[in-house]
Amino acid sequence: MVTESMPPTYRLTEEQTLLRDAVRVIADERVAPRAAEIDKSGEFPQDLRELLAAQDILALPFPVKFGGLGGELLTVCLAIEQLSRACATTGLILAVQELASLPLLIAGTDGQKARWIPKLASGEHLIAFAVTEAEAGSDVAAIRTRAVRDGDDYVITGSKRFISHGSVADLVTVFAVTNADPTAARSRRLSCFVVEVPTPGFEVTRIEHKMGLRGSPTAELAFDGVRVPVANRIGNEGDGFELAMKTFDRSRPGIAAQAVGIAQGALDVAAAYARDRRQFGKRIGDFQLVAGMLADMDATTESARQLLYKACVEIEAGTPDASRWSAMCKLVAGDAAMRVTTDAVQVLGGYGYIDEFPVERMMRDAKITQLYEGTQQIQRLVVARALLGKDD
Amino acid sequence: MRIVVLVKPVPDPASGSERLGPDGRLDRAVAPNVVNGNDEFALEAALKLVEAAGEGEITLLSMAPANAPETLRKALAMGATRAVHVTDAALAGSCAVSTAAVLARALRDLEFDFVLAGIDASDGVGGIVPAAIAAHLGLPYLSYAQRIEPDMTTRTIRVRRTSPTGYDLLEAPLPAVIGCTQALGEPRYPSLKGIMAARGKEIVTRSLADLGLDPATHGANAATTALLDSTMPPSRGATEIVRGTPDEGAARIVDFLVERRII
């Protein structure tokens with residue numbers, strides 16, 4: 001999907017710069033002032049969800065034909081990065097809207113897209129992505145939620161765990177087993193459905209209390225005989241596993257963008273502190289041990305950023321190595337975010353440990369980027385497999 | 001309503017990277033270019049007029065080096081309809097007189113009801129081009145506008161011109177050229193929709209040959225002004241910043257002036 005706006009060089013285009021700066025202004029003026037309170041209260045920021053909708057930020061990932069702004073992957077990631085600099089919870093609103101819509105965007109019919117995308121693009125509807133179960137995290141193929149064909153419907157029974165936005169979504173992209181035959185190929189057992197909620201049999205049974213990303217509701221969802229029409233199935237029966245893997249190829253950069261944003265936010269706070277704080281008669285940034293840390297934090301963040309941008313361009317161009325690029329950028333960015341935020345707390349010393357400064361929140365927020373959307377260990381497996389191929 | 005807005009890409013004053021090249025002139029290769037500040041205010045005024053009228057088109061007109069389209073994109077993203085970009089290697093180093101002649105010639109090929117231009121540009125700060133263009137075209141020139149009110153039915157335009165005592169009220173028949181000040185109102189930040197829509201907007205390029213102009217009468221060799229010398233301003237001495245309530249501030253300022261026997 002190469003378009004004319006794709007940079008043949010290593011610089012952002014003027015359009016991408018404008019867009020990044022537009023989102024940055026919104027993030028600095030409207031999102032940042034709310035970040036601490038969102039973390040403290042643990043409440044989903046409806047006001048910021050509405051702000052993102054009103055500013056057309058939620059329209060970025062969707063095709064113009066269905067009411068979106070037709071942004072490329074890099075454009076969407078630039079927006080996620082700028083939002084996450086101010087507040088990781090808010091950045092996730094855009095990231096999940098993209099993630100959960102990807103199966104529909106990749107394999108949905110025009111009719112399905114026309115049904116659901118306009119309201120996703122306008123932000124009137126939120127969508128969640130339900131693969132993970134209590135006993136199936138990294139091992140996606142091991143999920144047990146069943147979807148049984150019954151006339152013109154499927155009946156879905158099971159439960160999903162750790163579903164971001166599960167309690168605030170209007171649509172849930174659900175992956176379920178449609179072929180329970182033990183001799184069936186492991187990668188052909190699953191199918192993908194869009195469930196419109198509320199609906200009979202669907203219940204939010206739990207909201208997790210998390211270390212970080214505390215304003216983002218992470219839910220357990222129960223499906224007790226939930227009926228969905230066949231028209232709500234995305235792709236053919238058995239396509240679910242492949243569809244999930246293709247989704248991750250495009251969604252992992254979104255999480256990498258969140259991680260880069262978190263890292264940059266923490267670096268900004270640490271650098272400003274090092275300029276202002278004076279000990280032993282000079283600013284602490286002039287002590288080499290501190291300067292060295294800050295330099296490493298900057299280099300770490302920038303390299304994660306550049307890998308992310310490159311990965312986005314490659315994936316958008318249709319590279320056959322999409323899995324490698326997406327796993328690699330998420331791997332590097334997640335580790336970068338954890339390292340940079342931890343060091344940011346260190347630079348601030350005692351002040352880094354109290355909630356008067358945002359870096360302790362950023363450190364707590366950063367950790368999830370090493371866990372979700374595929375653990376760092378899974379990302380490594382993907383990269384290694386791309387490098388080594390299969391054992392003949 | 002057809003409005004032309006004159007737009008000049010200038011080095012970004014906010015970037016702090018303005019510096020002089022070896023020829024003593026502003027090094028335009030260094031700083032990132034942005035749309036001249038006053039021109040953004042002019043464009044904002046045009047956008048508001050079109051919105052209020054419920055119809056209209058805004059054409060940007062710019063005489064600038066070949067890389068101008070990048071800079072014009074923000075102005076298109078703000079909502080301008082299209083852009084006309086006059087560019088030619090022979091135009092490098094043109095003086096203000098030449099610039100005005102070229103832009104006036106380009107305007108003869110456009111249909112417009114009025115032309116808006118920032119009162120001056122942040123790089124040269126000459127402030128004569130809009131007036132010179134009006135003179136070339138034999139059009140009324142209404143300067144230092146703080147409010148603009150066109151009347152398309154009577155084909156007239158009213159402008160409040162900033163004056164030392166407040167403002168003067170001017171009226172002229174259309175078409176006319178209006179010099180715009182920042183009092184017209186803060187330029188909008190382009191919306192995401194506007195930024196993405198700018199992709200599809202037309203930028204027409206015109207060379208000196210397209211305009212039927214002789215390169216020998218433009219550019220550095222034909223310039224009517226010569227740069228004799230340029231220096232950086234001396235760095236500021238110690239400054240005292242007065243903080244506090246207005247009363248506290250006023251008291252401190254009075255003390256300051258008394259200390260220096262100014263009052």
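It should be emphasised that the depicted structure is a prediction, and the values quoted were computed from it without experimental measurement. (Residues numbered from 1 in each chain as written. Chains lettered and ligands numbered in written order. Predicted model: local features only at pLDDT ≥ 70, side-chain atom pairs only at ≥ 80, totals over all residues.)

Draft legend 1. Highlighting the overall build of chain A. When its secondary structure is counted, chain A shows eleven helices and ten strands. Here the C-alpha atoms of chain A give a radius of gyration of 21 Å, agreeing with the 21 Å that 2.2 N^0.38 yields for 392 residues. Judged by the C-alpha coordinates and their principal axes, chain A covers about 80 × 45 × 40 Å. By residue count, 51% of the 392 residues in chain A fall in the buried class. (Helix = DSSP H or I, 4+ residues; strand = E, 2+ residues; numbered from the N terminus. Rg over C-alpha atoms; globule rule 2.2 N^0.38 Å. Buried ≥ 20, exposed ≤ 12 C-beta atoms within 10 Å, placed from the backbone.)

Draft legend 2. Examining the domain arrangement of chain A more closely. Residue and element names in this part refer to chain A. Domain assignment breaks chain A into domain 1 (14-126), domain 2 (128-238) and domain 3 (241-388). One C-alpha centre belongs to domain 1, the other to domain 2, and the line joining them spans 23 Å. Taken residue by residue, the interface counts 20 residues in domain 1 and 18 residues in domain 2. Looking at the side of domain 1 that touches domain 2, the element that brings in the most residues is helix H4 (residues 88-107), giving nine residues. When the residues that make up the side of domain 1 that touches domain 2 are grouped by side-chain class, the tally is 13 nonpolar, five polar and two charged. (Domains from an automatic or database assignment. Contact = placed C-beta atoms within 7 Å. Nonpolar A, V, L, I, M, F, W, Y, C, P; charged D, E, K, R; others polar.)

Draft legend 3. Structural context of the interface of chain B and chain A. Tallying the contact residues gives 13 residues for chain B and 14 residues for chain A. Among the secondary structure elements, those contributing two or more residues to the side of chain B that touches chain A are helix H2 (68-78) and helix H5 (192-197) of chain B. Looking at side-chain class alone, the side of chain B that touches chain A contains seven nonpolar, one polar and five charged residues.

Draft legend 4. How the structure looks around helix H1 (residues 14-41) of chain A. All names here are of chain A. The end-to-end C-alpha separation of H1 is 39 Å, in line with the 40 Å expected for 28 residues at 1.5 Å each. Along its length, H1 shows its largest kink, about 50°, at Val31, and proline Pro33 lies within four residues downstream of that point. Just past H1, the residue Gly42 takes up positive phi, approximately 65°. (Expected span 1.5 Å × (residues − 1). Bend = angle between axes of the 7 residues up to and from the residue.)

Draft legend 5. Layout of unusual backbone geometry. Of the consecutive residues A:Val197 and A:Pro198, the connecting peptide bond is found in the cis state with omega at 0°. Mapped onto the fold, A:Pro198 is located in the loop between strand E5 (190-196) and strand E6 (202-207). Cis geometry is found at the peptide bond from B:Leu174 to B:Pro175, where omega equals 0°. Along the chain, B:Pro175 turns up in the loop between strand E9 (166-173) and strand E10 (176-180). In this structure, A:Glu373 takes a positive phi of about 60° despite not being glycine. Relative to the helices and strands, A:Glu373 resides in the loop between helix H10 (359-366) and helix H11 (376-388). According to the C-beta neighbour criterion, A:Glu373 is buried, with 25 such atoms within 10 Å.

Draft legend 6. Seen up close, the pairing of strand E2 (residues 146-150) of chain A. Residue and element names in this part refer to chain A. Direction of pairing for E2 relative to strand E3 (residues 153-164): antiparallel, over a ladder of five bridges. Of the residues in E3, the one forming a bridge with Arg146 is Thr157. Counting the residues in the hairpin turn of E2 and E3 gives two residues, including Gly151, whose phi is positive at 65°. (Pairing = 2+ DSSP bridges.)

Draft legend 7. Here's a closer look at the packing of H1(A) against helix H3 (residues 73-86) of chain A. Residue and element names in this part refer to chain A. Where H1 meets H3, the closest approach of the two axes is 7 Å, and the angle between their N-to-C directions is 25°. It follows from the interaxial angle that H1 and H3 lie roughly parallel. The handedness of the crossing between H1 and H3 is right-handed. Taken together, the residues of H3 that come into contact with H1 (itself represented by Gln16, Leu19, Arg20, Val23, Arg24, Ala27, Asp28, Val31, Ala32 and Ala35) are Leu74, Thr75, Leu78, Ala79, Gln82, Leu83, Arg85 and Ala86. Considering only residue class, the contact of H1 with H3 consists of eleven nonpolar, three polar and four charged. (Axes fitted to C-alpha atoms, helices over the stretch in contact; angles between N-to-C directions. Parallel < 35°, antiparallel > 145°, perpendicular 65-115°, else oblique. Left-handed = near helix turned anticlockwise from the far one by under 90°.)

Draft legend 8. How the structure looks around the packing of helix H8 (residues 322-348) of chain A against H11(A). Residues and elements named next belong to chain A. Taken N-terminus to C-terminus, the directions of H8 and H11 make an angle of 140°; their axes are 9 Å apart at the nearest point. What the angle tells us is that H8 and H11 run oblique. For the element pair H8 and H11, the recorded crossing hand is left-handed. Across from Ser323, Arg324, Ala327, Met328, Lys330, Leu331, Gly334 and Asp335 in H8, the residues of H11 making contact are Gln376, Gln379, Arg380, Val382, Val383 and Ala386. Residues of the contact of H8 with H11, tallied by class, amount to six nonpolar, four polar and four charged.

Draft legend 9. A look at the sheet that holds E10(B). Residues and elements named next belong to chain B. Here we have nine strands laid out as an open sheet, ordered E9-E8-E7-E10-E6-E1-E4-E5-E11, and mixed in their pairing. The open sheet has two edge strands with one neighbour each: E9 and strand E11 (203-206). Pairwise comparison of adjacent strand axes, ignoring direction, gives a mean angle of 30° for this sheet. When strand E7 (residues 141-151) meets E10, the two strands line up parallel, connected through three bridges. Pairing of Leu142 across the sheet is with Ile178, part of E10.

Draft legend 10. Molecular detail of the environment of A:Ile255. All names here are of chain A. Summarising the element assignment, Ile255 is placed in helix H6 (residues 240-276). Sequence separation between Ile255 and Ser326 is 71 residues, and the spatial gap between their C-alpha atoms is 9.9 Å. Every residue in contact with Ile255, bar those within four places of it in the chain, is listed here: Ala95, Lys330, Thr369, Tyr372 and Glu373.

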